[in-house]
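Each chain is listed here by its residues.
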Amino acid sequence: MGYVHVEIEASQTTKRRNSSCGDVFLVERKENSTVIILADGLGSGVKANIYATLCVARLQELLQQGFSIRKAFLTVAITMDEAAKSNLPYAVFSIARILNDGLSVVLSYEMPPPILISKGSATILQQRTATADEITIKESNYRLETGDGILLVSDGATQAGIGARMPEGLGSKGLCNLAVQILKSQNCLKDLPLRLSTRISLVSKDSNEDDVSLVLAFTRVGRVANVLTGPPLLQTSDRDYAKYFLQSEGTKIICGGTSSNIIADSLHKEIKVDTTYANHFTPPKLSLEGIDLVTEGALTLNQLYNIIDENRDEMDEFNPVTELYDYMMNADKIVFFVGAARNPAADKLQFVQQGILTRNKILPLLQEKLKSMGKVVAEEKETW
């Protein structure tokens, strides 16, 4: 099935206009999974936002420390249960993890059940209930197919319209019904949270009893960009190096002269050089049949890092760095194939004077920047 990307769309409406939202959500992408956390702080406004933020930050910290999703969930749930009894900062929360093959788990602590969106339908995802350390844990498991999604909601959504018209509020079933109506009129998952939020406001007559949060995680075929840079440590590995890269799924990009020559030899093709727009700042444009983009190495990677936060409209169209930028921004997942050979030329004084970092120094910086932009970044070090 290839790489499955988890797309996130969310909509939040505050209880009072222009006030802070008491619900906080976080999305954290890793090479093999996507984690979504939604927390609802006690009360509303700034205080609730702080409570929810503390809850999300604690969960994130535990996961970064290597806790399993269940252990992290239970640790924070115990803390929240104790806080509720002691009048300390308190929040309820849900945490979902979706692997790249679609296998998903959702754990909920005092939150509305997750909703499964699949093939134009919306149903409450079945939950198993367990007790640990006197904490009630609700868990849902499901394997998402491409186009399926899981909707996490705060109780502001399920309690919308509570009162005379709806004694118990909209409820999860009512939310499912609204979602189905929306999907029938326009089956577009990307717009679902916002359109659902609009319907909820109508049910509440624009007077929300609580903050409303809707976070949808849905799967689609992912866009992968493969970037090969640097030759292997031993020339005897060139053939395997080329084969490994050429068999990769997705867009193929080469950054580096020696690397491109290795691939050209493997393909029995010739690299073409276009110096039409080349100058002191712009590397020459290279092309190789069978490869989507070929560029110079360290200089191009350094320039990409330098412009990656800039306005795309101001970038030079006739520049391989701009082309590389476009491929990166279009990709959901970027895989770097990094050879172990060292380029002695990169250590020359003129490179140092111009602030051009070596491949080994610029790649970690570039990868961290891409991760901060929501990209899934992986690295294939020399194992062929």
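How each quantity is defined
Residues numbered from 1 in each chain as written. Predicted model: local features only at pLDDT ≥ 70, side-chain atom pairs only at ≥ 80, totals over all residues. Heavy atoms only, no water. Helix = DSSP H or I, 4+ residues; strand = E, 2+ residues; numbered from the N terminus. Buried < 20%, exposed > 50% of the residue type's maximum accessible area, 1.4 Å probe, protein only. Contact = heavy atoms within 4.5 Å. Areas by Shrake-Rupley, 256 points an atom, 1.4 Å probe, with all protein chains shown as cover. Pairing = 2+ DSSP bridges. Axes fitted to C-alpha atoms, helices over the stretch in contact; angles between N-to-C directions. pLDDT = per-residue confidence, 0-100. Salt bridge = Lys/Arg side-chain N within 4 Å of Asp/Glu carboxyl O. Patch = residues over 30% accessible without salt bridge, like charges linked within 9 Å, V, L, I, M, F, W, Y side chains within 5 Å. Polar contact = N/O pair within 3.5 Å; in protein donor to acceptor, adjacent residues only side chain to side chain. Expected span 1.5 Å × (residues − 1).

Q: Talk me through the overall build of the protein chain; I want residue IDs and the actual numbers.
A: When helices and strands are tallied, the protein chain shows eleven helices and 18 strands. Based on the C-alpha atoms only, the size of the protein chain along its principal axes is roughly 75 × 45 × 40 Å. Looking at the protein chain residue by residue over its 384 residues, the buried ones come to 49%. In the protein chain, the share of contacts with a sequence separation of at least 24, taken over all contacts with a separation of at least 6, comes to 67%. Of the accessible surface of the protein chain, which amounts to about 19000 Å², a share of 49% is contributed by carbon and sulfur atoms.

Q: Which residues make up unusual backbone geometry, and what are the values?
A: The phi angle at Glu 110 is positive, at roughly 55°, despite the residue not being glycine. One can find Glu 110 in the loop between strand S5 (103–109) and strand S6 (115–118). Despite not being glycine, Glu 134 shows a phi value in the positive range, around 65°. For Glu 134, the position within the fold is in the loop between strand S8 (128–132) and strand S9 (135–143). A relative accessible area of 68% means that Glu 134 is categorised as exposed.

Q: I'd like a description of the sheet that holds strand S7 (residues 121–124), backed by residues and values.
A: An order of S1-S11-S10-S6-S7 is seen for the five strands of this open sheet, with the pairing classed as antiparallel. Each edge of the open sheet carries a strand with a single partner, namely strand S1 (4–13) and S7. Looking at each pair of strands side by side, their axes are set apart by 20° on average, direction ignored. Across four bridges, the pairing between S6 and S7 is antiparallel. Residue pairing for S7: Ser 118 is matched across the bridge by Ser 121. Docked against the sheet, helix H4 (residues 171–185) engages S6, S7 and strand S10 (149–153), running at close to 170° with respect to S7. Here helix H5 (residues 192–203) sits on the sheet in contact with S1, S6, S10 and strand S11 (212–221), set at roughly 155° to S11.

Q: Go over the environment of Ile 150 with me, naming the residues and quoting the values.
A: In this structure, Ile 150 sits in strand S10. A sequence separation of 33 residues divides Ile 150 from Ile 117, and the C-alpha atoms of the two residues are 6.0 Å apart. Residues contacting Ile 150, with those up to four places away along its chain left out, are Ser 104, Val 106, Pro 114, Ile 115, Leu 125, Leu 144, Val 215, Leu 216 and Ala 217.

Q: Outline the confidence of the model for the protein chain, supporting the account with residue identities and numerical values.
A: In this model, the protein chain carries a mean pLDDT of 91, and residues with pLDDT of at least 70 account for 95%. Within the protein chain, S10 carries the highest mean pLDDT (98), whereas helix H10 (residues 349–353) carries the lowest (61).

Q: With reference to specific residues and values, describe the pattern of salt bridges.
A: The full count for this structure, using the stated rule, is 16 salt bridges. Where Glu 139 meets Arg 128, a salt bridge forms, and the shortest distance between an N and an O atom there is 3.3 Å. Taken together, the residues span a long stretch of sequence, with Glu 139 in strand S9 and Arg 128 in strand S8 at a distance of eleven residues. Its relative accessible area of 11% is what places Glu 139 among the buried residues. Note that Asp 326 is salt-bridged to Arg 312, the shortest N-O span being 2.8 Å. Placement of the pair is Asp 326 in helix H9 (residues 320–330) and Arg 312 in the loop between helix H8 (298–307) and H9, with a sequence separation of 14 residues. On the basis of relative accessibility, which here comes to 30%, the residue Asp 326 falls in the partly exposed class.

Q: Provide a residue-level description of the environment of Pro 283, including the pertinent values.
A: By secondary structure assignment, the location of Pro 283 is in the loop between strand S14 (272–274) and strand S15 (285–287). Residue Pro 283 is classed as buried on the basis of its relative accessible area of 5%. Between the C-alpha atom of Pro 283 and that of Lys 15, which follows or precedes it by 268 residues, the distance is 54 Å. Ignoring anything within four residues of it in the chain, the contact list for Pro 283 reads Ala 278, Glu 296, Leu 299, Thr 300, Gln 303, Asn 319, Pro 320 and Val 321.

Q: Tell me about a nonpolar patch on the surface, residues and numbers included.
A: Together, Val 46, Ile 50 and Leu 54 make up a nonpolar patch on the protein surface, roughly 280 Å² of accessible area in all. Note on placement: Ile 50 falls in helix H1 (residues 45–64).

Q: Could you give me a rundown of the side chain of Thr 229, with the residues and numbers involved?
A: Structurally, Thr 229 can be placed in strand S12 (residues 224–229). From its side chain, Thr 229 meets the backbone oxygen of Cys 255 in a polar contact 3.0 Å long. Excluding its chain neighbours within four sequence positions, the residues that come into contact with Thr 229 are Tyr 241, Cys 255, Ser 259, Leu 301, Phe 337, Val 338, Gly 339, Arg 359 and Leu 363.

Q: Could you give an account of H4, with specific residues and numbers?
A: Taking 1.5 Å of rise per residue, the 15 residues of H4 would be expected to cover 21 Å, and the 22 Å separating its terminal C-alpha atoms lies within 8% of that figure. For H4, the set of buried residues is Gly 171, Ser 172, Gly 174, Leu 175, Cys 176, Leu 178, Ala 179, Val 180, Ile 182 and Leu 183. As for H4, its buried residues are in contact with S6, S7, S10, helix H3 (155–158) and H5.

Q: Now, about the sheet that holds S5: what can you tell me, with residues and values included?
A: Strand order in the open sheet formed by six strands is S2-S3-S4-S5-S9-S8, and the pairing between neighbours is antiparallel. One side of each edge strand has no neighbouring strand; the edge strands of this open sheet are strand S2 (23–29) and S8. Across the sheet, the mean angle from the axis of one strand to that of its neighbour is 15°, orientation sign disregarded. Note that S2 and strand S3 (residues 33–41) share seven bridges and pair antiparallel.

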